[in-house]
Amino acid sequence: METEFDPDRPADLGPLYREQAWRRLSAEQFDVVVIGGGVVGVGAALDAATRGLRVALVEARDIASGTSSRSSKMFHGGLRYLEQLEFGLVREALHERELSLSLLAPHLVKPLPFLYPLTHRVWERPYVAAGIFLYDTMGGAKSVPGQHHVTRSGALRVAPALKRDSLIGGIRYYDTVVDDARHSLTVARTAANYGAVIRTSTQVVGFLRDADRIMGVRVRDTENAETAEIRAHCVINAAGVWTDEVRALSKQRGRFSVRASKGVHIVVPRDRIVSETAIILRTATSVLFVIPWETHWIIGTTDTDWHLDLAHPAATRKDIDYLLETVNEVLVTPLSHDDIEGVYAGLRPLLAGEDEATSKLSREHAVAVVAPGLVSIAGGKYTTYRVMAADAVDACVDFIPTRVAPSITERVPLIGADGYFALINQCESLGEKYGLHPYRVRRLLNRYGSLIDEVLSYAADDPSLLRPLDAAPQYLRVEVVYAAIDEAALHLEDVLARRTRISIEYAHRGVDCAQEVADLIAPILGWDRDKVDFEVSTYRARVEAEVASQQQPDDESADALRAAAPESRVDILEPVPVPE
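These figures come from a predicted structure and were not determined experimentally.

Q: Help me get a handle on the overall build of the protein, residues and values and all.
A: For the protein, the helix and strand inventory stands at 21 helices and 19 strands. Counting only residues that meet the buried cut, the protein has 62% of its 580 residues in that class. Long-range contacts, defined as pairs at least 24 residues apart, comprise 73% of the intrachain contacts of the protein with a sequence gap of at least 6. Total accessible area computed for the protein in this model is approximately 22400 Å², and 52% of it derives from carbon and sulfur atoms.

Q: Tell me what's going on with the UniProt feature "domain: Alpha-glycerophosphate oxidase C-terminal" (unreviewed entry) in the protein, and back it up with residues and numbers.
A: What UniProt calls "domain: Alpha-glycerophosphate oxidase C-terminal" (unreviewed entry) maps, in this numbering, to residues 407-531. Regarding residues 407-531, the helix share stands at 53% and the strand share at 6%, and the terminal C-alpha atoms are separated by 44 Å.

Q: Before we move on, can you summarise the pairing of strand 11 (residues 278-282) with the specific residues and values?
A: With four of five residues buried, strand 11 is to be regarded as a mostly interior element. Direction of pairing for strand 3 (residues 110-118) relative to strand 11: parallel, over a ladder of two bridges. Looking at the pairing, F114 lines up with A278 of strand 11. The sheet contact formed by strand 11 and strand 12 (residues 287-293) spans four bridges and is antiparallel. If you follow L281 over to strand 12, its bridge partner there is L288.

Q: I'd like to hear about the pattern of salt bridges, residue by residue, with values.
A: A full pass over the atoms with the stated rule returns 42 salt bridges. E567 is the salt-bridge partner of R61, the closest N and O atoms lying 3.7 Å from each other. You can see R61 sitting in the loop between strand 2 (55-58) and helix 3 (80-83) and its partner E567 sitting in the segment after helix 21 (555-563), a full 506 residues away along the chain. Since its relative accessible area comes to 17%, R61 is described here as buried.

Q: So what's going on with the pairing of strand 19 (residues 472-476)? Which residues, and what values?
A: Among the five residues that make up strand 19, four are buried, leaving the element largely enclosed by the rest of the structure. Direction of pairing for strand 18 (residues 468-469) relative to strand 19: antiparallel, over a ladder of two bridges. Among the inter-strand pairings, L469 is bridged to a residue of strand 19, identified as A472. Hairpin connection from strand 18 to strand 19: two residues lie between these consecutive antiparallel strands.

Reading the values: the criteria
- Residues numbered from 1 in each chain as written.
- Predicted model: local features only at pLDDT ≥ 70, side-chain atom pairs only at ≥ 80, totals over all residues.
- Heavy atoms only, no water.
- Helix = DSSP H or I, 4+ residues; strand = E, 2+ residues; numbered from the N terminus.
- Buried < 20%, exposed > 50% of the residue type's maximum accessible area, 1.4 Å probe, protein only.
- Contact = heavy atoms within 4.5 Å.
- Areas by Shrake-Rupley, 256 points an atom, 1.4 Å probe, with all protein chains shown as cover.
- UniProt positions renumbered as here; feature names shortened; annotations may be inferred.
- Pairing = 2+ DSSP bridges.
- Salt bridge = Lys/Arg side-chain N within 4 Å of Asp/Glu carboxyl O.

Here it is as structure tokens:
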């Protein structure tokens, strides 16, 4: 099996790339160093690299290990923000949605039909129709159909799971769905393809400075505790919910602060809700989404303040009960706790300003020059990551001694996008070539796009890699191998929670296939038997802690149980407390 680093394929972020990246971090002078491997951070790395800048990105854990792997899995404009009169935000997000559907990431971002059930006569249909008309038109949408009105009978034909008395009619419209972790990883690999140095398990522990000028960062490898200094003309703090902690390391006062809001989702089997479309339900304070996710439904989300462990937000029994009770109000056959196969909790990094002007910001994003050479960016929506990234790099221009070109990422497809549409039409022939069912080929294309040949090439000398995982048959064994060789996976959790979504798609939450997956990646990552046993036991302990925390009545008791589980990245330092 070929595992050598190939400089002609810099998007392959395997073990040897990682070694080379460590040497480059301390040896080179960068224009920009980005802190944080969420979607905004990797977007900033891509934006800077495609402007011709020398850029490095460091992430303390894994790509998308925080907020960017725990969203509602929608790449959307935010229909509900129209009601809050945030027209600029919605227009911007819808423009980004159209770009990704048509050019940037058509292999990852997919159209998704929705049903909006109507519950009030006379006024609600024209009111909602006007909002969806704006939603359909203001972002220049060409890749999805417009709204379609249905009677109650028409709504129940496409969503028989709904109670007849829960609606009087409905409006069908389109939005989009995305595997957020895979999308973020693809942005990171695209940045590497254009020259960015991407390194995970690399935690910022301090800043380099000359008087009041930030000159770079000091980092620590969370796998072996080695340290290095990275010199850069500008540092972008894109740490999401950790923004304030990173800013505190610089000993600078922030122009804004970040409030963490917890959003919990549950995952149930597809046959538990009979519907051809996704469903959006109004609640007393927000909306609830019921999103089809291959053989499952994702139901969410909650919105509550979180002041505890930022790395591992815990869902409580109360959170889960709320989601079940809310969705069961409209379902003919109610869901129970026994139906739940997966649960995940994420934190939204909402802006909470230090003065009245910024405290009103919510899903808008803000960019601030915290000190000369240090830029912070926070807030925003997953969908607008590209705009946020461009704004962050723009804020660095004054600190970079050479001319900086304008952002061009709206014309830069992500890796895997090129040729995707043609390959979709060739599923039959590709299936014959690899001995796979066309359904399996289509699924691979929707995860890797035109990189499918690269993924399946590892099975050329070992056809057994084309077999599904025994306890997670949605995934082929070769996908696990590819995650370790090319996709920067360093731990079992990286593969089960983010390179695949096994941790939320199977009732065993990855425990039943942990040993098989660990055995597949062990020779690639150089694990001995003790390391394999450690990874498997650590992952099982993580799942046990999560399941136990989900039975607790409140955040504090759930957090205590979840935080007690061991970490696979054992050398991560405690976050620096933020000064009051």
